[in-house]
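Architecture at a glance
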2 protein chains.
Amino acid sequence: MKLLEQAIMERGRVIGSDILLVDTFLNHQVDVFLMQEIGKEFAAHFKKNQIDRVATIESSGIAPAAFAALFLEAPLVIMKKQASRILTGDLLAATVRSFTKGTQYELTVKRDFLPKGERVLFVDDFLASGEAAIGAKKLIDSAGAVLAGVGIVIEKSFQSGPERLREEGIELYSLARIASMQEGQILFH
Amino acid sequence: MKLLEQAIMERGRVIGSDILLVDTFLNHQVDVFLMQEIGKEFAAHFKKNQIDRVATIESSGIAPAAFAALFLEAPLVIMKKQASRILTGDLLAATVRSFTKGTQYELTVKRDFLPKGERVLFVDDFLASGEAAIGAKKLIDSAGAVLAGVGIVIEKSFQSGPERLREEGIELYSLARIASMQEGQILFH
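Everything in this summary refers to the structure shown in the same document.

**Let's talk about the overall build of chain A**
Each helix and strand in chain A was counted, giving five helices and eleven strands. A compact globule built from 189 residues would reach a C-alpha radius of gyration of about 16 Å, and chain A, at 16 Å, matches this within 12%. With the C-alpha coordinates aligned to their principal axes, the bounding extent of chain A is approximately 50 × 35 × 30 Å. Buried residues in chain A amount to 48% of all 189 residues. In chain A, the proportion of contacts linking residues at least 24 apart, taken out of those at least 6 apart, comes to 62%.

**Considerations on the pairing of strand 5 (residues 76-82) of chain A**
Direction of pairing for strand 4 (residues 53-57) of chain A relative to strand 5 of chain A: parallel, over a ladder of four bridges. Its bridge partner being in strand 5 of chain A, A:Val54 is matched across the sheet by A:Leu76. Taken together, strand 4 of chain A, helix 3 (residues 62-72) of chain A and strand 5 of chain A constitute a β-α-β crossover, and its handedness is right-handed. Pairing geometry for strand 5 of chain A and strand 3 (residues 29-30) of chain B, over two bridges, is antiparallel.

**As for the interface of chain A and chain B**
Listed per partner, the contact involves 21 residues of chain A and 21 residues of chain B. Top element by residues in the side of chain A that touches chain B is helix 3 of chain A. It accounts for five residues. Residue composition of the side of chain A that touches chain B, by class: 13 nonpolar, four polar and four charged.

**Things to note about the relation of the copies chain A and chain B**
Take chain A, turn it by 180 degrees, move it 0.0 Å along the axis, and it overlays chain B with an RMSD of 0.0 Å. Considering both components of the superposition, the chain copies are consistent with a two-fold axis. Rotation axis and chain A: the residue whose C-alpha lies nearest the axis is A:Ser59, separated from it by 2.7 Å. Interface residue correspondence from chain A to chain B reaches 100%, placing this contact among same-surface, isologous pairings.

**Re the nonpolar core**
Core analysis: the largest hydrophobic core is formed by 130 residues, its most contacted members being A:Val54, A:Ala66, B:Val54 and B:Ala66. Excluding its chain neighbours within four sequence positions, the residues that come into contact with A:Val54 are A:Ala65, A:Ala68, A:Ala69, A:Leu72, A:Ala74, A:Leu76, A:Leu121 and A:Val123.

**A word on the environment of A:Leu92**
Residue and element names in this part refer to chain A. Along the chain, Leu92 turns up in strand 6 (residues 91-98). Residue Leu92 is classed as partly exposed on the basis of its C-beta count, with 19 C-beta atoms lying within 10 Å. Dropping the residues within four chain positions of it, Leu92 is found in contact with Thr108, Val109, Arg111, Leu139, Ser142 and Ala143.

**With respect to the packing of helix 2 (residues 32-46) of chain A against helix 3 of chain A**
Residues and elements named next belong to chain A. Closest axis-to-axis distance for the helix 2/helix 3 pair is 7 Å, and the angle between their directions is 50 degrees. Comparing their axes, helix 3 and helix 2 come out oblique. In this structure, helix 2 crosses over helix 3, and the sense of that crossing is right-handed. On helix 3, the residues touching Val32, Met35, Gln36, Ile38, Gly39, Lys40, Phe42, Ala43 and Phe46 of helix 2 are Ala63, Pro64, Phe67, Ala68, Leu70, Phe71 and Leu72.

**Things to note about helix 2 (residues 32-46) of chain B**
In this model, helix 2 of chain B (15 residues) spans 21 Å end to end at C-alpha, consistent with the 21 Å of a helix rising 1.5 Å per residue. Of the residues making up helix 2 of chain B, those classed as buried are B:Val32, B:Leu34, B:Met35, B:Gln36, B:Ile38, B:Gly39, B:Glu41, B:Phe42, B:Ala43 and B:Phe46.

**Examining the pairing of strand 8 (residues 119-127) of chain B**
Residue and element names in this part refer to chain B. Burial within strand 8 is extensive, with eight of its nine residues counted as buried. Here eight bridges tie strand 8 to strand 9 (residues 146-156), and the two strands are oriented parallel to one another. Each residue of the ladder has a partner; that of Leu127, found in strand 9, is Glu155. For the segment spanning strand 8, helix 4 (residues 131-142) and strand 9, crossover handedness is right-handed.

**Some remarks on the packing of helix 1 (residues 2-11) of chain B against helix 2 of chain B**
All names here are of chain B. As a packed pair, helix 1 and helix 2 sit with axes 10 Å apart at the nearest point and diverge in direction by 145 degrees. As helix 1 packs across helix 2, the resulting crossing turns out to be left-handed. Facing helix 1, whose interface residues are Leu3, Leu4 and Ala7, helix 2 presents Leu34, Glu37 and Ile38. Here the residues of the contact of helix 1 with helix 2 sort into five nonpolar, no polar and one charged.

**Here we look at the environment of A:Leu139**
Residue and element names in this part refer to chain A. Within the secondary structure, Leu139 sits in helix 4 (residues 131-142). Classification of Leu139 by C-beta neighbours within 10 Å gives buried; the count is 25. Put simply, Leu139 and Leu114 are 25 residues apart on the chain and 8.5 Å apart in space, counted from C-alpha to C-alpha. Leave out the neighbours within four places in its chain, and Leu139 touches Met79, Leu92, Ala94, Leu107, Val109 and Leu114.

Thresholds, definitions, all that
- Residues numbered from 1 in each chain as written.
- Chains lettered and ligands numbered in written order.
- Predicted model: local features only at pLDDT ≥ 70, side-chain atom pairs only at ≥ 80, totals over all residues.
- Helix = DSSP H or I, 4+ residues; strand = E, 2+ residues; numbered from the N terminus.
- Rg over C-alpha atoms; globule rule 2.2 N^0.38 Å.
- Buried ≥ 20, exposed ≤ 12 C-beta atoms within 10 Å, placed from the backbone.
- Contact = placed C-beta atoms within 7 Å.
- Pairing = 2+ DSSP bridges.
- Right-handed = clockwise from strand over helix to strand, strands pointing away.
- Nonpolar A, V, L, I, M, F, W, Y, C, P; charged D, E, K, R; others polar.
- Least-squares fit on C-alpha atoms with pLDDT ≥ 70 in both.
- Core = buried A, V, L, I, M, F, W, Y, C linked by C-beta atoms within 7 Å.
- Axes fitted to C-alpha atoms, helices over the stretch in contact; angles between N-to-C directions.
- Parallel < 35°, antiparallel > 145°, perpendicular 65-115°, else oblique.
- Left-handed = near helix turned anticlockwise from the far one by under 90°.
- Expected span 1.5 Å × (residues − 1).

Laid out in structure tokens, this is it:
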């Protein structure tokens, strides 16, 4: 998606060789017009997958996912991050490890909000190691719903996430695919 | 706002005398069409206030605030919740206490994302004790920006927040104003 690649080049900042800071337009200050276009693009691509609902993880995924849900005419479900596993009967949970931060959290969702048999599009801001997306798939699977696709705003293709998702047979569509970020230079696929 | 009051009556649930659960359409499962209408309503009301940007707090405020920003043609800024105060030079912070949960967090925002002199509309899902809105005002003030209004989806008028905001001279616009929730019965103003 040209508009997004342009935003990354003009408003993003590379730190080291694997951190991309996009807090000027995606996850702290948010360009809502760009989010609307992103939502349209996800909806256009995944319309064929007969999506019943969109799921994302708080909080950076919410803005792009909300617009995707709007254009797919579907409800949105926000999966929550919790520091520890405090489970009540109606809550599903999966442990997600963050390799870059060296932390982990419990990804949770109310079972009622992933109805059995429904086709779910998972949307997130970044795909790196794929831990979050795999965690989301676990929740969707254990609810008896179907992960019908994963839509990613920015994919770091040089990390393991894209390959892991393909191995799981998940349809992945990333709007910007970064091949490398060596020496502060961003190369797209 | 009739559509919102209807959603609260039909899809909300009262727990005890002061907790309103709206996770079926506002803060876990999200009705994005209702969020779009909420955004339109905030934009129509606050257009006269010459809003330069919209601010909210992660993560339940993001969906309604994103649509308000879209219709006001303004960028959105997401203030972050942190467990502890780890401050870098470019970060502003204010402590926010949650009376209901007995916890506190640091509300933070990058100074750059609240430019001096800009007129900011703060949008949030709930107004109860007003702690979050007062914390947001502190950040906006210390950045040298101007809090030009507060837009709330659901106000608990029987708690102290509305009065506290009025005392601070803040223009408050709440889309649903709950007068009481005695015995599971929701009464609107």
